[in-house]
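Chain residues, written in single-letter form:
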Amino acid sequence: MAQYNRIGPYNEFETLTLKNDDYVFVLSGAGVSVESGLATFRDGDGLWEKHRIEDVATPEAWRRDPELVWRFYSARRKQASQVEPNAAHRALAQMEEALQERFLLCTQNVDNLHERAGNKRVLHMHGELFMSRCEDPDCMRAPFSDERYYETKQSIARCECGARILPHICWFGEVPFHMNAIMSALNKATVFVTVGSSGAVYPAASFVSHVKNSKGSGPTTIYVGPEPPDNAYAFDQCRLGKATEAIPRLFSLR
């Protein structure tokens, strides 16, 4: 049984041995990608080319200046294509390989580093950087893989229906993707792990409390990151340290 609200360096905690019926839900945040060298665009003054992130990542921004929005996401695509999955990504892929149907990874990240490391059971609640979709909600075309850069008004592609192509991203003010599937997995979780997420962004920050409230004292809840999250009180353990060091030794997989 995990000790309630214990906070300390990751190497002061024992490796957990999972039971044969454990279902592991992992929530990953920007901290995992940062350790691969991927900027969060929230560093420093929180600006991108003198624009607030909200000015390039909202439905209103798209309606106002789609070229600027695409320049922002094209820059993110370029950067994400230049980094590699790290030890934490690879450890999570190994965890999925061992647990199969008893594992789900929900990520707040829009990059594809988890998939490149080998994870397949991944839900991107905030969208996927290397996918695009039609801006017309009535269009029947499904979101599609897309690695192109759209940096000028002339380069923004059009759908077969004539509408513009936009990034397949959940913007500020929109409902995150896959929420039904996420809640279903949370309801099955016996072990909940958050790695590299600040605990400040909702609804993701509420997932740990949902697990605790829906299952009582049974589930084990663990946080991994360089410093305690805003919702540290909700975790049994906060294992402080780099994800690349803490995640590979988190579980004993049989």
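Refer to the preceding data block for the structure.
Anyway, here's the lowdown on the structure attached to this text. Treat the numbers as computed from the prediction; the structure is a model and nothing was measured.

1. Some details on the sheet that holds strand β6 (residues 103-107)
Turning to step 1, where the next piece is worked out: With parallel pairing, the seven strands of this open sheet are ordered in space as β1-β13-β12-β11-β3-β6-β7. Strands at the two margins of the open sheet, each flanked by one partner only, are β1 (6-9) and β7 (122-124). Averaged over all pairs of adjacent strands, the angle between their axes in this sheet comes to 15 degrees, without regard to strand direction.
Turning to step 2, where the next piece is worked out: Sheet analysis places β6 next to β7, joined by three bridges and oriented parallel. Bridge pairing in β7 links C106 to L123.
Turning to step 3, where the next piece is worked out: Against the sheet, helix α6 (residues 179-188) touches β3 (24-28), β6, β7 and β11 (191-195), its axis set at about 130 degrees to β3.

2. What about the pairing of β6?
Turning to step 1, where the next piece is worked out: Among the five residues of β6, five are classified as buried, and the element is accordingly described as predominantly covered.
Turning to step 2, where the next piece is worked out: Pairing analysis gives five bridges linking β3 to β6, with the strands arranged parallel. Bridging from a neighbouring strand, L27 pairs with C106 of β6.

3. Points about the state of the cysteines
Turning to step 1, where the next piece is worked out: By the definition in use, this model includes zero disulfides.
Turning to step 2, where the next piece is worked out: Between C139, a cysteine without a disulfide, and C159, which holds the nearest cysteine sulfur, the sulfur-to-sulfur distance is 3.7 Å.
Turning to step 3, where the next piece is worked out: A disulfide-free cysteine, C170 has its sulfur positioned 11 Å from the sulfur of C106, the nearest such atom.
Turning to step 4, where the next piece is worked out: On the basis of relative accessible area, C170 is assigned to the buried category, the value being 11%.

4. As for the packing of aromatic side chains
Turning to step 1, where the next piece is worked out: The full count for this structure, using the stated rule, is eight aromatic pairs.
Turning to step 2, where the next piece is worked out: With a centroid separation of 5.6 Å and an interplanar angle of 15 degrees, the aromatic rings of F25 and F192 are classed as stacked. With a gap of 167 residues between them, F25 in strand β3 and F192 in strand β11 connect regions that are remote in the sequence.
Turning to step 3, where the next piece is worked out: With relative accessibility at 0%, the residue F25 sits in the buried group.
Turning to step 4, where the next piece is worked out: Judged by relative accessible area, which is 0%, F192 ranks as buried.

5. Observations regarding the side chain of D22
Turning to step 1, where the next piece is worked out: Its location among the elements puts D22 in the loop between β2 (16-17) and β3.
Turning to step 2, where the next piece is worked out: At 2.7 Å, the side chain of D22 forms a polar contact with the backbone nitrogen of K19.
Turning to step 3, where the next piece is worked out: Contacts of D22, omitting those with residues within four sequence positions, involve R102, T190 and V191.

Calculation rules
- Counting of residues starts from 1 at the beginning of each chain's written sequence and follows it residue by residue.
- The predicted nature of this model means local features are confined to residues of pLDDT at least 70 and side-chain atom pairs, given and counted, to a pLDDT of 80 or more, with totals for whole chains, interfaces and linings taken over all residues.
- Water and hydrogen atoms were dropped before computing side-chain values, which therefore reflect all heavy atoms in the structure.
- Pairing between two strands is assigned when DSSP locates at least 2 bridges connecting them.
- Each helix is a run of DSSP H or I of at least 4 residues and each strand a run of E of at least 2, with the numbering of both proceeding from the N terminus.
- Here the axes come from fitting lines to C-alpha atoms, over the contacting stretch only for helices, and the angles between their N-to-C directions go from 0 to 180 degrees.
- Contacts: residue pairs with any heavy atoms within 4.5 Å of one another.
- Categorising residues by exposure relies on relative accessible area from a 1.4 Å probe, with only protein chains included: less than 20% of the type maximum marks a residue as buried, more than 50% marks it as exposed, and the intermediate range marks it as partly exposed.
- Only a pair of cysteine sulfur atoms within 2.5 Å counts as a disulfide in this structure description.
- Centre distance within 6.5 Å is the pairing criterion for rings of Phe, Tyr and Trp, where only the six-membered ring of Trp is used; planes under 30 degrees apart are then read as stacked, over 60 as edge-to-face, and the remainder as tilted.
- Whenever a nitrogen or oxygen atom comes within 3.5 Å of another N or O atom, the pair is scored as a polar contact, on the condition that within protein one atom can donate a hydrogen and the other can accept it, and that pairs from neighbouring residues in sequence are kept only if both atoms are in side chains.

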